[in-house]
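Understanding the architecture of this molecule
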Amino acid sequence: MAAIKRQKKRDFCCLICHGFGDGAQAELLAYHLRGSGIDTYASSPAGNQEIRAYRQYWIHCCRMQYLRLRKQYERIVVVGLESGAFYLMHMADLKPAGMVFLNAPIGCLSSLPRRIQLFWSDIRPAMKGVFQPVEAFYHFHCFLNETQEIGVKQLTCPVLVIQTRAEQAAEADANDLYAHLTMQDRTIRCYPHSGESLIGSRAALAVCSDVFQFCARIRAGELKLS
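Attention here is on the structure that accompanies the text.

Here we look at the overall build of the protein chain
The helix and strand inventory of the protein chain stands at 7 helices and 6 strands. Long-range pairs, those at least 24 residues apart, make up 71% of the contacts in the protein chain between residues at least 6 apart in sequence. Per element, the accessible surface of the protein chain, about 11,400 Å² overall, is 53% carbon and sulfur.

Set out below in structure tokens:
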């Protein structure tokens, strides 16, 4: 009987985890990374099926996409875009090669008004009917509580923190996140006057370049797990 040949894994790719409403921003970043020679994929907590109002399902969707890619690639850098950054904290045990927190609204973890604002802008438009949004907010609230408890101190891979939003609270989010990181290889980039989002940002090309350079350094072995 002929032996079954296993397909050799490719070396490196990037996975962008984004929120329910950030798909266009994720595609912009993915377009630039692919154009620079990095295999790039996007994942959302909505998955590929009907959107569900359960935090366990949201986390499961992002983790499963990562695990599927691990069957094809040796190393993966995970990018958390906007609210997608929260899912990165639930993936530390999967040992990614690196993480990028891009416009992570970390202040939502400790501010109820900002949680409500983020829910209405990101999750509420994706929910249907009368009861699903109520259930979704409950799970979103619990999800952020669990994320806050996990924190970032357990992260050991190289981390890049990028903030492009103009609000003072956004820059404080980036600085607060960076202050809690403990690994040796950590970097922060702030573009405080660049705009409201990555797509509308005057620093969009600079941000894409920052992410590419970070990925390139990990791919070259310059940055490694602590």
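Okay, back to it.
Section: unusual backbone geometry
Even without glycine at this site, lysine 95 takes up a positive phi of about 60°. The residue lysine 95 is located in the loop between α3 (85-88) and β4 (98-102) in this model. Assessed through its relative accessible area of 51%, lysine 95 is described here as exposed. The phi angle at asparagine 103 is positive, at roughly 55°, despite the residue not being glycine. Take asparagine 103: it is sitting in the loop between β4 and α4 (112-123).

Comments concerning the pairing of strand β3 (residues 73-81)
Where burial is concerned, most of β3 is hidden: 7 out of the 9 residues are buried. Strand direction decides the pairing type here: strand β1 (residues 10-18) and β3, joined by 8 bridges, are parallel. If you follow cysteine 14 over to β3, its bridge partner there is valine 77. Pairing analysis gives 5 bridges linking β3 to β4, with the strands arranged parallel. Within the sheet, the bridge partner assigned to valine 77 lies in β4 and is glycine 98.

Points about the side chain of arginine 55
The residue arginine 55 is located in helix α2 (residues 55-70) in this model. Here histidine 139 takes part through its side chain, which lies 2.9 Å from a polar atom of the side chain of arginine 55. Ignoring sequence-local partners within four residues, the contact set of arginine 55 consists of Tyr138, His139, Cys142, Phe143 and Glu146.

Some thoughts on the environment of asparagine 103
Overall, the relative accessible area of 1% leaves asparagine 103 in the buried class. Sequence separation between asparagine 103 and glutamate 171 is 68 residues; the distance between their C-alpha atoms is 8.9 Å. Engagement of the side chain of asparagine 103 in a polar contact is seen with the side chain of glutamate 82, the distance being 3.5 Å. Within the structure, the side chain of asparagine 103 is placed 2.7 Å from the backbone nitrogen of threonine 164, a separation counted as a polar contact.

Observations concerning the nonpolar core
Counting 47 residues, the largest nonpolar core has Phe101, Leu155 and Val159 as the members making the most contacts within it. Broken down by element, the residue count for this core peaks at 7 residues, all from α2. Ignoring anything within four residues of it in the chain, the contact list for leucine 155 reads Ala92, Met99, Phe101, Leu181, Thr182 and Met183. Ranked by size, the runner-up nonpolar core spans 26 residues in total, among them Phe12, Cys14, Ala97 and Cys208.

Remarks on α2
An ideal rise of 1.5 Å per residue puts 22 Å on 16 residues; α2 measures up with 23 Å between its terminal C-alpha atoms. All of the buried residues in α2 are Arg55, Tyr57, Trp58, Ile59, Cys61, Cys62, Gln65, Tyr66 and Leu69.

Quick notes on the pattern of salt bridges
Summed over the entire model, instances satisfying the criterion amount to 7 salt bridges. Linking aspartate 39 and arginine 10 is a salt bridge whose minimum nitrogen-to-oxygen distance equals 3.8 Å. Here aspartate 39 is found in the loop between α1 (23-35) and β2 (40-43), whereas its partner arginine 10 is found in strand β1, with 29 residues between them in sequence. On the basis of relative accessibility, which here comes to 42%, the residue arginine 10 falls in the partly exposed class. The partner of arginine 55 in a salt bridge is glutamate 146, and the shortest N-O contact between them spans 2.8 Å.

Some points on the packing of α1 against helix α7 (residues 204-219)
Direction vectors running N to C along α1 and α7 enclose 55°, while the axes themselves pass 10 Å from each other. Relative to α7, the element α1 is oriented oblique. Considering how the two elements wind past one another, α1 and α7 form a crossing that is right-handed. Residues Leu29, His32 and Leu33 of α1 form the contact with α7, whose participating residues are Leu205, Cys208, Val211 and Phe212. Taken together, the residues of the contact of α1 with α7 sort by class into 6 nonpolar, 1 polar and no charged.

Analysis parameters
Residues numbered from 1 in each chain as written. Predicted model: local features only at pLDDT ≥ 70, side-chain atom pairs only at ≥ 80, totals over all residues. Heavy atoms only, no water. Helix = DSSP H or I, 4+ residues; strand = E, 2+ residues; numbered from the N terminus. Contact = heavy atoms within 4.5 Å. Areas by Shrake-Rupley, 256 points an atom, 1.4 Å probe, with all protein chains shown as cover. Buried < 20%, exposed > 50% of the residue type's maximum accessible area, 1.4 Å probe, protein only. Pairing = 2+ DSSP bridges. Polar contact = N/O pair within 3.5 Å; in protein donor to acceptor, adjacent residues only side chain to side chain. Core = buried A, V, L, I, M, F, W, Y, C linked by side-chain atoms within 4.5 Å. Expected span 1.5 Å × (residues − 1). Salt bridge = Lys/Arg side-chain N within 4 Å of Asp/Glu carboxyl O. Axes fitted to C-alpha atoms, helices over the stretch in contact; angles between N-to-C directions. Parallel < 35°, antiparallel > 145°, perpendicular 65-115°, else oblique. Left-handed = near helix turned anticlockwise from the far one by under 90°. Nonpolar A, V, L, I, M, F, W, Y, C, P; charged D, E, K, R; others polar.

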